[in-house]
Structure formats: C-alpha cells, structure tokens
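Residue-level listing of the chains:
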Amino acid sequence: MNTPNTSKQRIVIIGGVAGGASAAARARRLDEEAQITLIERGPDVSFANCGLPYHIGGEIEDRSKLSVQTPDSLKAQLAIDVRARTEAVSIDRAAKTVQIRNLETGKEEDMAYDKLILSPGASPLKPPLEGIDLPGIHTLRNLQDMDRIKEAASAAQRVLVIGAGFIGLEMAEQLVHLDKQVTLVELVDQVLPQMDPEMVRIVQQELMDNGVNLLLGDGISGFAKGEGSALQAKLNSGKSINADLVLLSIGVRPESGLAKDAGLELGQRGHIKTNAYMQTSDPDIYAVGDVSENIDPILEGPAAIPLGGPANRQGRTAADHIINGDLARPYPGSIGTAIVRVFDISAGVTGHTEKRLKQLGIDYDKTIVTDYNHASYFPGATHLTLKLLWEKSTGRVLGGQANGYEGVDKRLDVLATAIKGKLTIQDLEHLELAYAPPFGSAKDPINTAGFSANNITSGAVTPAYDLPDPATVQLVDVRPQAMVELKPIPGAKNIPYPELRKRLDELDRSKPVVTICALGKMSYFAARVLSQNGFDVKAHVGGWKVAEQPESPTSTETTMSDNSASNPPAAGSSETVSLDCTGMACPGPILRVKAAAAELKPGQVLEVRASDAGFKNDLPAFCKANGYECISVEKDKGIVVGRLQQTGSTPATAAPSAVASNGKGSTIVVFSGELDKAMASFVIANGAVAMGGKATLFFTFWGLNVLRKDRAPVIPEKSFMDKMFGWMLPRGVHKLPLSKMHMGGMGTKMMKDRMAAKKLPNLPDLMQTAKEAGIRLVACTMSMEAMGIREEELIDGVELGGVAEYLGAASETNANLFI
C-alpha cells in the first residue's frame, strides 16, 4: 500500500489546459516542496477552450477572458516551472526521463521525473481527403485556431460546417449571428449523434428556422479550389457546395502517440488505459483528460469522455494520489453529461443513450414526457421534454436526455446525480426538488418522468414509441378538432379526449388502438379509458411533438397576407388587444386565439404571447384559414409573439346568415333519421356555404334523431308515452342506422370503418364543420311535440321553428331539397 510521500518529488506534467493545469494547482496546494514542471506545446497553458466559438461569434467580446492562466500567472501563483512552446519528444521509462524540445530555439534536453502526468488532450480529426489541406479549411482546438477562424469569417459570406456535434452546432449558431450563410453537413441522419434521434428533431427545426441549410445523411468526399478564394466541397451523394470558409468538426483523436511509443497500454480506440487513480500501466505515469480511458460507473465498462469537467477532476485525482498515495479518493468514472445551446433551444444528455444500450445488449425500458420548465400559470412557462432510460430488472436509471428553452440544465443535473447515486425510477417519483412558481412546479418534470416510467413498469399503460400503420391499427388522435385541422396526423381518427367516453362505439373493439395527442399526457389518459372499456390499446409516448418530423420553414408568402410585410398597420392607427397564452399546452393557444379573434372589431390588432413552440406555424395557418391578416410572428427564447388583424367590416367567423343574401345556397328538409341520408344533407349544406351561399337544415320527424344528445337528460315531467318514444328511437348520430345493409349494426360499422380508412369525413365532423360555417340547424317544433322530444334533449346550437321558418329560409336560396 502506498503512503503519503513526504520527500521532495519531481513532478512533470505534459500538457496544460484543463487536466494538466488542474493537476499542477492541486499538487502545489498539497505539497509546497514538490518540484513541479509544466510542459506545454502551445503558448497558452490554461484557457477556456469551450468558450472559443463564442468569441468567434462576438458573444464573448474580450479575448483575454478566455485565458484562465498565463505562463507568468501560473509561475507567480503556484511557484512552478512553466515551459510554454515546448514539446515532449519521448519518454524513457527505465531512466524516468522525458526528452523535451524548445520549439523556438530547437534546443533539446532530458528532464528527470519521479512522477509523470500525461495531459496532451485530443486533436481534431482531419481525414486524408482530396484537397483537405487547401487554404480556408480550418479546425478549432486552441486560441490560435480561434483567431484564424475569426479573421477568415470576417471576410467570408458562405460558411460550410462539417459535423453536427456539440462544437459544430455552436459554430453554426455563432456564424449565423455574424450574418453568414451557413450550411451544416452531417454524415449520419441526425444532428447531435451523441443523442437519440427523437430528442434532437427540435434542434434540427431550430437550425432550419434560423436559416441554416441542413444536410443530413451525407458526408464529405473531398475538396477542390473554386473561383477566386472560394472552396468547393464534394459530398458522397454527388452534390457539391461552394463556400468561402470550411470548418471541420467531425470529432477528435486522443494524442497518445507519446504513450504508445513508451509502451504504455492503450484502449481499443487509442486512449491511454488508467486505473481508479489515473495511473497507467506504468504506476509512475498518470494520464488525465481527453487522452485517458477510465471506467464507466454505470455498466463498469471502459469509458473515454472528452469533456472539460472530467479532465479537471481527473487532474485533481492524479495529484492527490501522487502526494497522498492510497489515502487519496479514487476517481469514480465519467458518465458523459453534456449540454449545448442552439439559438433558443438547449439539448443535453447524461449517462447512456438508447443507441448505446442497444449496442451493449442491455435490457432497458424508456419513456418520454413533456412538461413545463416552471408552473404553467406563471408568465414565461415553456415546454421541456425529457427522455428517461432505465434497467428493466432493477428500475435503476441508466440515462437521460432533455431539450427545451429553459431549465434543461437543471433537469440534466438532477438525472446525472440520480445516475451516480444509483437511484431508481421509483426514487424519481418522490424526489423533493425546489419549487416556487418562477422556478418549478409542484410536480417537477423529473417527477413526471418517474410517474410515466412507473406506469409503464406496473402495466398501467402499454407504450407505443413509433407511429403505427393505420391499416393494421386504429390510430386515435385525441387532440381537439381545431388543432387537428391545423396539424393533422396522417391516418389518425380524431376523437377529442373529452368526447371519448361517449364515442366508444366508433371504434372496433376487435382491432388494436394506439392513442396519440400533442404531448403524450392526454394519450395516456385516453388509453386508460379505452383499456378499462375492453380495448387492446397502447399510448404513444411523447406525442406529436416528438413524432413530428422537422420541416423547412414555410415561406412568408404562404403564411402572411400579401401586403402584411410591406404595409403594416400605421402607428396609432389601430387598437391592440393583448392575449397571454404562455404556459398553455397545444392546442390551448389556438383555441384562445379563435375565441378572441372573433370578438375583434374591424382594424383591431390581436397580439398573442404563447410558449408552445408550434404556435409560430399555427398562427399563420389559422389566419389563412379564417380570413385574418397575419401581421407578424416572432420567437424569442421560447416565447412566440404573434399579431393578427381583423380587416373586414364583419368578423371573419361571422355566420353566412348574418351577411346579406346573395340568392345562393340550399334549404334542406331532413326527414330521414338514417346515417347515409343525414350525411348527404350535411355534405350538400357545407358545399353550399363553401360556394359563397348560405344553408339551413330543417329537421322534422325521424330527422330529429340526428340532433338528439347521446345521453338523455333527466326530464321528470315527461309522460310514459313520450319516454317510450325516446327509448325506441335511435339517440344521436352514433346510433343512426344505414338505409341499406344495416344488418343489425354490422353494416353500419363496416361503412364507418371504410370511410375512416379512406379518410372520408364522418357525420360528427360534418356537423361540427356546419356549425363553424354558420349553417342553421332548425328543429321542427310540431314534430318535437308529436315525438315527445324536448329542447334540452337536443345538441347545442339548434334553433326551434315551424313551417314559416322553413319557407322564409327557402325564399333566400336557389335550391330546396327534401331528404
């Protein structure tokens, strides 16, 4: 067993920055007598390499702030011998010396050591491609690289970034801030290959929304000289891209050549193998930082994590062991917690991803939840999505990922702590986390992830992670109809969750069901209802927010009115009505906008604030569909601010019956209570309104059954015969028979299934469309009396009238039908 070393030791450290500088500082604090020498090949011994992209983009203005320590400051503070611009050439392990060379003078010497720490880091990959050494192709590792890229970027307009990892995304963001035309190329079919695909779609959308030309699933095959000082990059697909500046960010390679030549044991990917005290296969030589391979504390395999945090802590561990021997605490291993900001979106990962667990053959399970970064009712609440992975047999947390606008770092830190503490999904349910409305929720997203995970493991819900084939499964979209109209899910049948219990007969109990909603919560609620009503059902995890594929931003011409950009309302010429929809989940904002817009007076502007990311695209679509002028839609740090104007003389949602008659349209007597005939009536009426006319549907005798509520209200004063009529007649649209081939209900069910499979409208949808279009639904009062039907038994929005009502409506239309 090693004991603390009290003699004057010669400690030589090769490489500064994070690991080497941290080791030097810790060794000096523990031993004032040790002879410490730091060898650094570059001019800077300790700098903030993670901040380099932000100085290039101008977000960090003062370059000097990136120099954590200079050679002179290290000498003054730590009393160590700092040899900048000096290279380690070779190691003689037997003699315990390092051959070093002064890069400015060329002078070489042998330096003796008692303990040697290797911290050379990793160098950016630069594959041997055609034209790879052409001027204008850069990598980013140190301050000098940063200076060269910053100067080149000042003269460039078109910039090509190769590699969509953390550094590549940071560089793309910063170059857009410099008003450059940025193209980002990534060999795999997603950005951030360190994360799982569904967790980075929002990042891809954010890049495209900010003007980045994103090329995924394509790689670089070579470079050629273009016109003037331009470069031409050739892609594997055969495409070519012209650029004034190229940045390579395709990964790093450990600089372990010195260790390899010295005979030290290397790992499979070329890293220097170390034990828990960062010792290499030679106990007098240590390796820290990006060059080292340590232990994965989750699954106890090898791990090499090229991040600044682990490098600092590894340097500290090595120094502790050199000075204190086995009394030092061992390094516990690295789990790879990392985060990146891409414009307004943050995304990060801790522990193992699903891709990695599959490679390792681990039996795991997963869930994805979306919640708010703090209390939804507190201003500024924005969506935050978590992915949680756990070991099936024990429930132990194996990994986590997150994306959102605010609070991503906080939740990643909690999950990282849970992983290191070997907590389970059951523990996550009951974690007590800081809560006040500006900071969190009573049920934090971490708790919600725990709830969801335990629902899956307990069997309370069966998850679906991918959208099913509608030909084999009934895909039920439980979002409100208004949201479905703006963002339909292909192949899905819409039954809004509040209506589900009343519309169970629209689903085939012999066929599996998958429920889906916007965020994953309502689909779970719906699945619970269906499972307890005998359905074989799964709930889509994550919802449409996770499943929806990124799309290129819709052009201004298709989302704004033709004159909105060039002729905005003059200052002071219009009154602005404010509407705060922050903290509301989709489709809440659109539903609120719909109601508020209907109340606008001509010329008034509605200004809406929403935290739902999809609202940026939803608002222009809503305006286009409803005749409003979309003035502007902007997003800042997750908050969308949209402005629309009522420009007409009447509200855009006014019923056609309120407009002066043009003699067009239809008046229809609906005498039949059969499904197919009722549908025909509504199809004709909706068509009449779409053609610029008006329509009235007059329901009499058996046709009144179309207007009946699914569930009868209690009416004590009804006579026995009136009640008998009610029991014998079909109640509401879901009970109507077909006029032909009803076959005791089998034919009706087959027809509904065929119409759903062919994506044809159903009767409830046609009725809702009719209501929204202002079509009048009139119930014949004489027939109601004859059949014992009371007004409170009819659906909302029905007017009562007699023959005069019908004749008056008929006089204003050019088509009168009896069905």
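In case you missed it, the structure is sitting above this.
A quick note: this is a predicted structure, and the numbers were derived from the prediction, not measured.

A. Structural detail: the overall build of the protein. Looking only at helices and strands, the protein features 24 helices and 42 strands. Taken along its principal axes, the extent of the C-alpha atoms in the protein is 110 × 60 × 50 Å. Taken over 819 residues, the protein has a buried fraction of 51%. Restricting the contact set of the protein to residue pairs at least 6 apart, pairs at least 24 apart contribute 67%. Only carbon and sulfur atoms are counted for the fraction: they give 52% of the accessible area of the protein, which is about 36,400 Å². For the protein, the distance from the average site of its 86 positive side-chain charges to the average site of its 96 negative ones is 4 Å.

B. Inspection of the packing of aromatic side chains at higher detail. Applying the stated criterion across every chain yields a total of six aromatic pairs. Here the aromatic rings of Tyr524 and Phe525 are separated by 5.8 Å at their centres, their planes lie at 50°, and the arrangement is tilted. The exposure class of Tyr524 is partly exposed, given its relative accessible area of 23%. Between Phe671 and Phe818, the aromatic rings sit 5.7 Å apart at their centres with planes inclined by 25°, giving stacked as the arrangement. Of the two residues, Phe671 is situated in the loop between strand S38 (665-670) and helix H19 (675-690) and Phe818 in strand S42 (residues 816-818); the sequence distance between them amounts to 147 residues. Phe671 gets classed as partly exposed once you look at its relative accessible area, which sits at 32%.

C. Summary view of the sheet that holds strand S23 (residues 302-303). Pairing in this open sheet of three strands is mixed, and the strands run S20-S22-S23 from one edge to the other. With partners counted over all chains shown, the strands left at the sheet margins are strand S20 (272-273) and S23, one partner each. Bridging between strand S22 (residues 292-295) and S23 involves two bridges; their strand directions are antiparallel. Residue pairing in the sheet places Asn294 in a bridge with Ala303 of S23.

D. How the structure looks around unusual backbone geometry. The phi dihedral of Ala79 falls on the positive side, at around 55°, and the residue is not glycine. One can find Ala79 in the loop between helix H3 (71-78) and strand S5 (81-84). The phi dihedral of Asp179 is positive, around 65°, even though this residue is not glycine. Among the secondary structure elements, Asp179 is positioned in the loop between helix H5 (166-177) and strand S13 (181-186). With a relative accessible area of 61%, Asp179 lands in the exposed category.

E. Seen up close, the pairing of strand S28 (residues 397-404). Along S28, eight of the eight residues are buried, which leaves the element largely enclosed by surrounding structure. Bridging between strand S27 (residues 383-391) and S28 involves seven bridges; their strand directions are antiparallel. Opposite Lys387, over in S28, you have Gln401 as the bridge partner. Counted along the chain from S27 to the antiparallel partner S28, the turn is five residues long, and its residue Gly395 has a positive phi close to 80°.

F. Inspection of empty space enclosed by the protein at higher detail. Summed over all chains, the structure comprises one cavity of 30 Å³ or more. By volume, the largest cavity amounts to about 50 Å³. Around the largest cavity, the lining residues are Gly289, Ser292, Glu293, Asn294, Ile295, Ala303, Ala304, Ile305, Gln314 and Ser334. Residue contributions to the lining of the largest cavity peak at four residues, all from S22. Of the residues in the lining of the largest cavity, the class split is four nonpolar, five polar and one charged.

G. Inspection of a nonpolar patch on the surface at higher detail. Taken together, the side chains of Phe720, Met721, Trp727 and Met728 present a nonpolar region at the surface, about 550 Å² in accessible area. Tracing the chain through its elements places Met721 in helix H20 (residues 720-728).

H. Fine view of the pattern of salt bridges. This model, assessed by the stated rule, comprises 38 salt bridges. We note a salt bridge from Glu255 to Arg41, for which the minimum N-O separation is 2.8 Å. In this pair, Glu255 sits in the loop between strand S19 (252-254) and helix H7 (257-261) while Arg41 sits in the loop between strand S2 (35-40) and strand S3 (46-47), placing the two residues 214 residues apart along the sequence. Given the relative accessible area of 21%, Glu255 is considered partly exposed. Overall, the relative accessible area of 36% leaves Arg41 in the partly exposed class. Here Arg731 and Glu793 are joined by a salt bridge, their closest N and O atoms 3.8 Å apart. Here Arg731, found in the loop between H20 and helix H21 (746-757), pairs with Glu793, found in the loop between helix H23 (781-787) and strand S41 (798-801); they are 62 residues apart in sequence, far enough to count as distant. For Glu793, a relative accessible area of 2% gives the class buried.

I. Up close: the nonpolar core. By size, the foremost hydrophobic cluster in this structure holds 45 residues, and its most contacted members are Leu169, Val203 and Leu207. Counting residues per element, this core draws most heavily on H5, at six residues. Ignoring any residue separated from it by four or fewer positions in sequence, one finds Leu207 in contact with Leu169, Leu184, Val191, Val212, Leu214, Val342 and Phe343. Listed in part, the 43 residues of the second largest apolar core include Val408, Ala416, Ile446 and Leu507.

J. Structural context of the side chain of Arg503. Locating Arg503 in the fold gives a position in the loop between strand S31 (493-494) and strand S32 (513-516). On the basis of relative accessibility, which here comes to 4%, the residue Arg503 falls in the buried class. One polar contact links Arg503 to Glu499, side chain to side chain, over a distance of 2.6 Å. Leaving out residues up to four positions away in the same chain, Arg503 has contacts with Asn494, Ile495, Pro496, His734, Asn762 and Pro764.

K. Structural context of the side chain of Lys115. Mapped onto the elements of the fold, Lys115 is located in strand S9 (residues 115-118). Here Asp284 takes part through its side chain, which lies 2.6 Å from a polar atom of the side chain of Lys115. Discounting chain neighbours no more than four positions away, the residues touching Lys115 are Gln9, Arg10, Ile11, Val12, Pro283, Asp284, Tyr286 and Ile322.

L. Just the sheet that holds strand S8 (residues 108-112), in detail. Read across the sheet, three strands follow the order S6-S7-S8 without closing on themselves; strand pairing throughout is antiparallel. Each edge of the open sheet carries a strand with a single partner, namely strand S6 (86-92) and S8. Averaged over neighbouring strand pairs, the angle between their axes works out to 30° when direction is ignored.

M. View of the packing of helix H17 (residues 588-598) against helix H18 (residues 615-626). Closest axis-to-axis distance for the H17/H18 pair is 10 Å, and the angle between their directions is 35°. Read as a crossing pair, H17 and H18 show a hand that is right-handed. Judged by residue contacts, Pro589, Ile590, Val593, Lys594 and Ala597 of H17 engage Phe615, Asp618, Leu619 and Phe622 from H18. Tallied by class, residues from the contact of H17 with H18 come to seven nonpolar, no polar and two charged.

Rules used in this analysis
- Residues numbered from 1 in each chain as written.
- Predicted model: local features only at pLDDT ≥ 70, side-chain atom pairs only at ≥ 80, totals over all residues.
- Heavy atoms only, no water.
- Helix = DSSP H or I, 4+ residues; strand = E, 2+ residues; numbered from the N terminus.
- Buried < 20%, exposed > 50% of the residue type's maximum accessible area, 1.4 Å probe, protein only.
- Contact = heavy atoms within 4.5 Å.
- Areas by Shrake-Rupley, 256 points an atom, 1.4 Å probe, with all protein chains shown as cover.
- Lys, Arg positive; Asp, Glu negative; His and termini not counted.
- Charge placed at Lys NZ, Arg CZ, Asp CG, Glu CD.
- Phe/Tyr/Trp six-rings, centres within 6.5 Å; stacked < 30°, edge-to-face > 60°.
- Pairing = 2+ DSSP bridges.
- 1 Å grid on protein atoms, 1.4 Å probe; cavity = no way out; pocket = protein on both sides within 12 Å on 5 of 7 lines; lining within 4 Å.
- Points joined across faces, edges and corners; volume = space filled by probe spheres on them.
- Nonpolar A, V, L, I, M, F, W, Y, C, P; charged D, E, K, R; others polar.
- Patch = residues over 30% accessible without salt bridge, like charges linked within 9 Å, V, L, I, M, F, W, Y side chains within 5 Å.
- Salt bridge = Lys/Arg side-chain N within 4 Å of Asp/Glu carboxyl O.
- Core = buried A, V, L, I, M, F, W, Y, C linked by side-chain atoms within 4.5 Å.
- Polar contact = N/O pair within 3.5 Å; in protein donor to acceptor, adjacent residues only side chain to side chain.
- Axes fitted to C-alpha atoms, helices over the stretch in contact; angles between N-to-C directions.
- Left-handed = near helix turned anticlockwise from the far one by under 90°.

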